[in-house]
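# Coordinate inspection notes
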Amino acid sequence: MKKHHWSWSAIYLTFVFIILYAPIVYLVVFSFSSGKTMERYRGFSLQHYADLFADSRMITIVINTLLVAFLASLLATIIGTLGALAIKDARRPWKNSLLSLNNVLMVSPDVIIGASFLIFFTMLGVRLGFVSVLLSHVAFCIPIVVLMVLPKLNELSPTLVDAAYDLGATRWQALTRVILPAIAPGILAGYFMAFTYSLDDFAVTFFVTGNGFSTLSVEIYSRARQGIDLEINALSTLMFIASLLLVIGYYIISKHGGRRHRIVVVREGDAQ
Amino acid sequence: MRQKAMFIVPYALWIVLFVVAPLVLILYQSFFDINGHATLGNYANYLTSSVYLKMTLNSVWYALLITLVTLVISYPTAYVLNHLPNKQFWLLLVILPTWINLLLKTYAFIGLFSRTGTINQFLQFTGLGSHQLLFTDASFMFVAAYIEIPFMVLPIFNSLAEINPSLINASYDLGATQWQTFRKVIWPLSMPGVKAGIQAVFIPSLSLFMITRLIGGNRVITLGTAIEEHFLTTQNWGMGSTIGVVLIIAMFIIMFMTGDKKQKGGRS
Amino acid sequence: MMIGETPMAKNIMEFHHVSKSYDDNVVLRDISFTIEAGKFYTLLGPSGSGKTTILRLIAGFDQATEGDIYFDGNRINDVPANRRQVNTVFQDYALFPHMNVAENVAFGLQIKGVAKKQIDQRVKNALHLVQLDGYGDREITAMSGGQRQRVAIARAIANEPKVLLLDEALSALDHKLRVQMQTELRQLQRQLGITFIFVTHDQEEALAMSDQIMIINDGKIQQSGTPVDIYDEPLNHFVADFIGESNIIPGVMKEDYLVAINGQDFECVDAGMRPDEKVEVVIRPEDLDITTVEKGKLIGTVATQLFRGVDYQITVIDQRNHQWKINSIHKTQVGAQVGISFDPEDIHVMRYNESEEDFDARLDGYEEED
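Residues numbered from 1 in each chain as written. Chains lettered and ligands numbered in written order. Predicted model: local features only at pLDDT ≥ 70, side-chain atom pairs only at ≥ 80, totals over all residues.

At the junction of the two partners, chain C supplies 24 residues and chain A supplies 23 residues. Secondary structure elements with two or more residues in the side of chain C that touches chain A: β6 (86-89) and α2 (101-112) of chain C. Of the residues that constitute the side of chain C that touches chain A, the class distribution is twelve nonpolar, nine polar and three charged. (Contact = placed C-beta atoms within 7 Å. Helix = DSSP H or I, 4+ residues; strand = E, 2+ residues; numbered from the N terminus. Nonpolar A, V, L, I, M, F, W, Y, C, P; charged D, E, K, R; others polar.)

What follows is the structure, given as structure tokens:
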């Protein structure tokens with residue numbers, strides 16, 4: 001019976017995975033087609049990759065996108081971690097209000113964030129472009145970092161910090177030698193999540209970017225409306241491989257990553 | 001103490017500038033007309049115009065359908081995943097597609113669904129004939145659901161994984177069948193995940209505008225599309241803000257209904 | 001600090017009228033006591049009694065609301081935890097999960113800026129003292145509960161504190177390991193010659209390990225003294241009930257050395273009360289013997305009997321329907337009519353609401369008379 005049950009679920013799961021990966025496989029396959037459209041596969045070719053690397057506008061945009069993601073997630077991780085520390089130490093009524101405010105941007109629809117930031121930047125007179133996009137990305141990445149770091153802080157035993165003081169550590173030493181290393185997995189996960197959120201964002205960027213500055217999402221949006229270009233397939237393939245490598249790396253690190261990962265496990269009190 | 005104060009400064013600044021101020025500004029803006037005069041006209045316009053009301057209802061209806069479809073696909077997926085050895089790895093495989101830029105995936109569907117695209121070629125090959133797939137309600141909903149599936153699977157998976165296995169054994173021990181155990185133990189215990197998933201899917205579905213344009217071909221106008229149009233095309237920020245306020249209210253209603261006890265896998 | 005530097009019988013720690021409250025919740029009420037250097041102290045009390053709060057005040061994690069705390073002659077109320085010569089073994093061990101065993105033990109020394117070579121030596125010594133030689137490179141997760149306990153102790157003593165605080169340090173261990181650690185802790189304390197202050201709710205543990213016990217309840221010290229004193233001469237109902245098993249019966253002091261319980265007069269060894277003063281009488285179950293009806297001072301029926309390995313736990317209901325707990329190595333029969341016998345010195349009489357000072361004065365009084 002168990003066996004039977006499993007085979008049905010296997011079929012179902014296979015079906016779901018086919019749907020999930022079909023468009024990605026589709027993009028990848030046609031990136032190697034020598035044809036000009038995604039209609040019929042016309043034999044292997046690396047032509048679109050050559051086109052992509054020759055397209056300096058596209059390359060610039062990719063670099064811009066990565067730069068924004070890198071900087072935004074870095075800044076968001078710093079501010080968000082400080083925020084999580086502040087929330088952790090805050091007293092009851094404050095704590096709840098801070099948490100609610102933190103989650104506003106998490107649940108707000110992208111269009112609302114984009115539109116309200118557009119009004120905000122216009123009123124302040126901030127020129128729409130790199131700065132406004134970066135600030136927006138930092139802004140919507142901060143709550144994710146807080147949400148990733150806060151649980152790690154909460155599961156940190158309060159006696160751990162007491163122990164640090166007891167052994168002579170100052171506040172600063174307790175923070176840098178005990179608290180931060182112990183919550184490092186949360187901070188890392190926060191940075192990771194912030195990075196992907198930033199890379200993936202379309203709507204907010206679409207609202208707050210000006211003429212001179214574009215990210216990948218916005219660029220693809222405008223190109224897709226004009227018609228299909230297989231150069232984008234080539235780009236998709238490269239990005240997919242990059243994220244695949246990142247995920248595999250992350251998986252290996254978390255599986256065999258020695259100490260860092262065990263911090264998560266130690267609380268569950270495994271080895272007895 | 002001083003250190004603590006320094007911690008909070010950048011974070012507090014962020015709350016004031018990027019959380020509170022924009023929300024206040026969008027409310028403020030909604031009371032101005034296109035020429036910058038203070039007015040209640042936007043709200044009056046919204047509440048009396050059948051176009052806007054119909055669009056709102058439409059938007060809610062489509063968001064509901066998308067959420068339902070996503071839930072129906074995602075719950076069994078999360079459930080089956082939870083019973084697999086190496087389940088974290090399989091979960092990772094579900095999440096992996098979210099790492100591909102949203103626009104790239106949408107772009108792939110344009111190719112797949114196009115008049116001469118792969119699906120139509122397949123349909124013709126099987127003798128079902130070629131159909132208009134792109135720019136239909138069905139394709140719009142399919143792509144929207146496709147995008148949202150991982151965000152629904154994740155919270156449900158987490159809440160299923162949190163269920164203590166001895167509760168399920170206890171249920172069998174007390175004579176419940178597999179189905180009864182599911183209905184009376186597993187389903188209620190996974191409700192927090194389902195609610196979090198609904199929250200994570202419904203609100204973004206209300207405000208989609210990119211997919212409505214690229215896949216739905218402007219047939220479906222959602223609240224999101226309307227806001228984008230008012231802000232970026234007609235430059236009527238007042239009316240756009242008014243619809244934004246409506247969207248925010250809708251958001252609070254959803255959050256209230258699904259209970260914001262636990263937030264898992266939420267997204268912006 | 002070096003071992004043996006402090007002369008014995010010097011007060012290392014003093015509490016003067018210390019109170020502590022969290023918001024409106026009073027946890028400690030006007031507590032005063034002294035701790036002599038080089039002894040093993042136990043703070044014993046039920047959960048919520050305030051014993052852990054005393055420990056946290058000593059360690060510096062909490063500040064006293066009122067009163068003064070002296071350490072080695074200096075007032076330390078305002079000295080933060082990281083500058084006190086006191087180290088703590090935490091109940092949940094509080095080992096840093098991102099460091100291995102040696103890194104944990106070295107933490108305090110690194111903070112102090114001790115030279116690398118010396119750190120290595122002291123870590124080695126500390127691990128040796130807790131019998132964990134060679135475990136330095138292990139991850140905390142690879143250690144069992146008992147081993148983690150030892151790491152926590154090693155981490156604290158590596159800093160050579162003058163006072164070592166142990167907060168319910170053995171409560172997470174199983175019974176056998178706990179008994180073994182009791183012996184080891186006692187040995188360790190003698191070896192190091194420093195003051196140990198041990199917090200527990202387990203009275204057996206307290207009796208087994210301590211030089212001095214302080215019994216805490218309801219934010220007050222109920223009684224302090226050596227384990228033998230406290231067991232033999234409980235000051236009040238709470239102490240008599242909390243420490244060991246006991247029969248506690250209301251009685252009336254007829255005159256010196258004569259107490260009436262259950263309507264019968266018995267010889268006893270207590271004196272110094274007012275005539276006809278209402279008192280409570282404690283008789284330990286192991287001081288009661290089952291005899292024949294003829295020889296018994298009290299007569300009753302055996303109600304229950306439990307075999308406990310060492311002895312039998314018997315309850316006898318006397319003619320006035322009072323239930324007596326008796327621990328006996330001899331077996332009897334449920335339902336049998338038996339006599340209960342005891343000696344005058346087995347009776348311990350307690351006055352209601354007598355303070356520790358009054359009690360000591362009264363004891364001195366009639367001891368001199370003898």
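Turning next to the domain arrangement of chain C. For chain C, the assigned domains are domain 1 (11-232), domain 2 (245-285 + 343-370) and domain 3 (289-341). When each unit is reduced to the centre of its C-alpha atoms, the spacing between domain 1 of chain C and domain 3 of chain C is 43 Å. (Domains from an automatic or database assignment.)

Residues and elements named next belong to chain C. Pairing within the open sheet is mixed, and its six strands lie in the order β6-β7-β8-β3-β9-β10. Two strands in the sheet have a free side with no partner beyond their single neighbour: β6 and β10 (220-225). Across the sheet, the mean angle separating the axes of adjacent strands is 20° when strand polarity is ignored. The pairing of strand β7 (residues 163-167) with strand β8 (residues 195-200) spans five bridges and is classified as parallel. When the bridges of β8 are listed, D167 appears paired with V199. (Pairing = 2+ DSSP bridges. Axes fitted to C-alpha atoms, helices over the stretch in contact; angles between N-to-C directions.)

Moving on to the interface of chain A and chain B. Accessible area lost upon the coming together of the parts serves often as the stated size of an interface. Of the residues lining the interface, 63 residues belong to chain A; the matching set on chain B comes to 65 residues. Considering every element that reaches the side of chain A that touches chain B, the biggest residue donor is helix α1 (residues 2-31) of chain A, with twelve residues. Its residues assigned to classes, the side of chain A that touches chain B shows 49 nonpolar, nine polar and five charged.

This part takes up the arrangement of the chains. For this structure, the chain pair with the highest number of contacts among two pairs of chains in contact is chains A and B. Separated without contact, chain B and chain C have their nearest C-alpha atoms at a distance of 13 Å.

A few words now on the confidence of the model for chain C. Overall, the predicted model of chain C reaches an average pLDDT of 89, with 96% of residues at or above 70. A low-confidence stretch, residues 1-8 of chain C stays under pLDDT 50, and its non-local contacts, those more than four residues away or across chains, total eleven contacts. (pLDDT = per-residue confidence, 0-100.)

Right, let's get into the sheet that holds strand β12 (residues 258-261) of chain C. Residue and element names in this part refer to chain C. Strand order in this open sheet of five strands is β13-β12-β11-β14-β20, and the pairing throughout is antiparallel. The open sheet has two edge strands with one neighbour each: β13 (264-267) and β20 (348-351). Averaged over all adjacent pairs, the angle separating strand axes in this sheet is 45°, with direction ignored. Where strand β11 (residues 247-255) lies against strand β14 (residues 277-283), seven bridges are found, and the strand directions are antiparallel. Among the inter-strand pairings, M253 is bridged to a residue of β14, identified as E277.

Residue and element names in this part refer to chain C. Inspection of the sheet shows strand β1 (residues 11-22) paired to strand β2 (residues 25-36) by eight bridges, in the antiparallel sense. When the sheet's bridge partners are listed, S21 is paired in β2 with V26. Between the antiparallel neighbours β1 and β2 lie two residues, among them D23 with a positive phi of about 50°.

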